[in-house]
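# Structural description and commentary
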Amino acid sequence: MSRKPDRESLPYRPCVGIMLLNGRGQVFVARRRDTTDAWQMPQGGIDEGETVHEAALRELEEEIGTGAAEILAETVEKLRYDLPDHLLGKVWKGRWRGQEQVWVAARFTGTDADIDLATEHPEFDAWTWVDAADLTALIVPFKKPVYESVLAEFKPIIDRLRA
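The paragraphs below set out a description of the structure included in this document. Note that the structure is a prediction, hence the values are computed from the model and not measured.

Each value, and the rule that gives it
Residues numbered from 1 in each chain as written. Predicted model: local features only at pLDDT ≥ 70, side-chain atom pairs only at ≥ 80, totals over all residues. Heavy atoms only, no water. Helix = DSSP H or I, 4+ residues; strand = E, 2+ residues; numbered from the N terminus. Buried < 20%, exposed > 50% of the residue type's maximum accessible area, 1.4 Å probe, protein only. Contact = heavy atoms within 4.5 Å. Expected span 1.5 Å × (residues − 1). Bend = angle between axes of the 7 residues up to and from the residue. Pairing = 2+ DSSP bridges. Polar contact = N/O pair within 3.5 Å; in protein donor to acceptor, adjacent residues only side chain to side chain. Salt bridge = Lys/Arg side-chain N within 4 Å of Asp/Glu carboxyl O.

This next bit is on the overall build of the protein. Secondary structure assignment for the protein yields two helices and eight strands. Listing every helix and strand of the protein by position from the N terminus yields β-β-β-β-α-β-β-β-β-α. Principal-axis analysis of the C-alpha atoms gives the protein an extent of 55 × 35 × 30 Å. The proportion of buried residues among the 163 residues of the protein is 47%. Contacts in the protein between residues far apart in sequence, at least 24 positions, make up 73% of those at least 6 positions apart.

On to the environment of Arg 95. The residue Arg 95 is located in the loop between β6 (79-82) and β7 (98-108) in this model. Between the C-alpha atoms of Arg 95 and Met 19, which are 76 residues apart in sequence, the distance is 26 Å.

Its 19 residues place the ends of helix α2 (residues 144-162) only 23 Å apart at the C-alpha level, less than the 27 Å of an ideal helix rising 1.5 Å per residue. Along α2, the helix axis deviates most sharply at Phe 154, where the bend reaches about 60 degrees; the proline Pro 156 sits within four residues downstream. When α2 is considered as a whole, its buried residues turn out to be Val 146, Tyr 147, Val 150, Leu 151, Phe 154, Ile 157, Ile 158 and Leu 161. Contacts made by the buried residues of α2 are with β1 (12-21), β3 (39-40), β4 (43-45), β5 (69-74), β6 and β7.

Turning our eyes to something else, we now look at the pairing of β6. Every second residue of β6 is oriented toward a common face, the buried set being Leu 79 and Tyr 81 and the non-buried set Arg 80 and Asp 82. Bridge count for β6 against β7 is four bridges, and the pairing is antiparallel. In the sheet register, Leu 79 faces β7, and the bridge partner there is Gln 101.

So, about the environment of Gly 89. Along the chain, Gly 89 falls in the loop between β6 and β7. The exposure class of Gly 89 is partly exposed, given its relative accessible area of 33%. C-alpha separation for the pair Gly 89 and Phe 142, spaced 53 residues apart in sequence, amounts to 16 Å.

Let's shift gears to helix α1 (residues 52-64). Think of an α-helix as turning once every 3.6 residues; residues three or four places apart then point the same way. For α1, with 13 residues, the first-to-last C-alpha span of 18 Å sits near the 18 Å given by 1.5 Å per residue. Restricting attention to buried positions, one finds in α1 the residues Val 52, Ala 55, Ala 56, Arg 58, Glu 59, Leu 60, Glu 63 and Ile 64. Looking at the buried residues of α1, the elements they touch are β1, β2 (27-32), β4, β5, β7 and β8 (124-130).

This paragraph deals with the side chain of Glu 50. Mapped onto the elements, Glu 50 comes out in the loop between β4 and α1. One polar contact links the side chain of Glu 50 to the main-chain amide nitrogen of Asp 47, over a distance of 2.8 Å. Here Arg 58 takes part through its side chain, which lies 2.7 Å from a polar atom of the side chain of Glu 50. The residues touching Glu 50, leaving out its near neighbours within four places in the chain, are Gly 45, Ala 55 and Arg 58.

Turning our eyes to something else, we now look at the pattern of salt bridges. Across all of its chains, the model carries twelve salt bridges by this definition. In this structure, Asp 125 engages Arg 31 in a salt bridge whose closest nitrogen and oxygen atoms are separated by 2.8 Å. With Asp 125 in strand β8 and Arg 31 in strand β2, this residue pair connects regions lying 94 residues apart in the sequence. Overall, the relative accessible area of 37% leaves Asp 125 in the partly exposed class. Each of Asp 47, Glu 50, Arg 58, Glu 59 and Glu 62 takes part in one network of salt bridges that share partners.

The structure is reproduced here in structure tokens:
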């Protein structure tokens with residue numbers, strides 16, 4: 001029988017999250033291939049020597065097939081979430097307890113036709129634009145506090161795009 005990892009001894013994974021916004025102030029979300037009821041904004045690890053903005057644009061390319069975005073802002077503070085017990089030790093080869101994320105707000109500069117989920121290592125099987133007010137209802141419970149913080153911080157940007 002394998003032992004449960006000691007959460008307190010595991011570090012957080014350095015990560016970037018991207019709130020990709022269209023010209024109507026709607027937020028891009030995609031459904032995970034491995035969990036069909038889990039929708040999320042693009043996110044991923046920050047590589048050694050990479051800036052937050054470089055990581056954000058790379059992750060967009062890797063996850064949704066396009067880097068057609070202009071970075072508008074980033075969160076003032078890093079945001080963290082812990083994996084729930086049933087995922088601890090199973091994802092990311094058991095190396096992390098959760099993620100410590102810098103989030104960026106980015107304006108999508110392409111067209112919907114530029115988005116292609118059939119990437120080299122596909123993570124998503126569906127995507128859509130949603131109103132910011134509807135975003136957290138789609139998100140898995142353990143990520144909701146982070147998403148609520150991101151929405152609150154980027155609300156002026158969303159409102160400006162909607163105007």
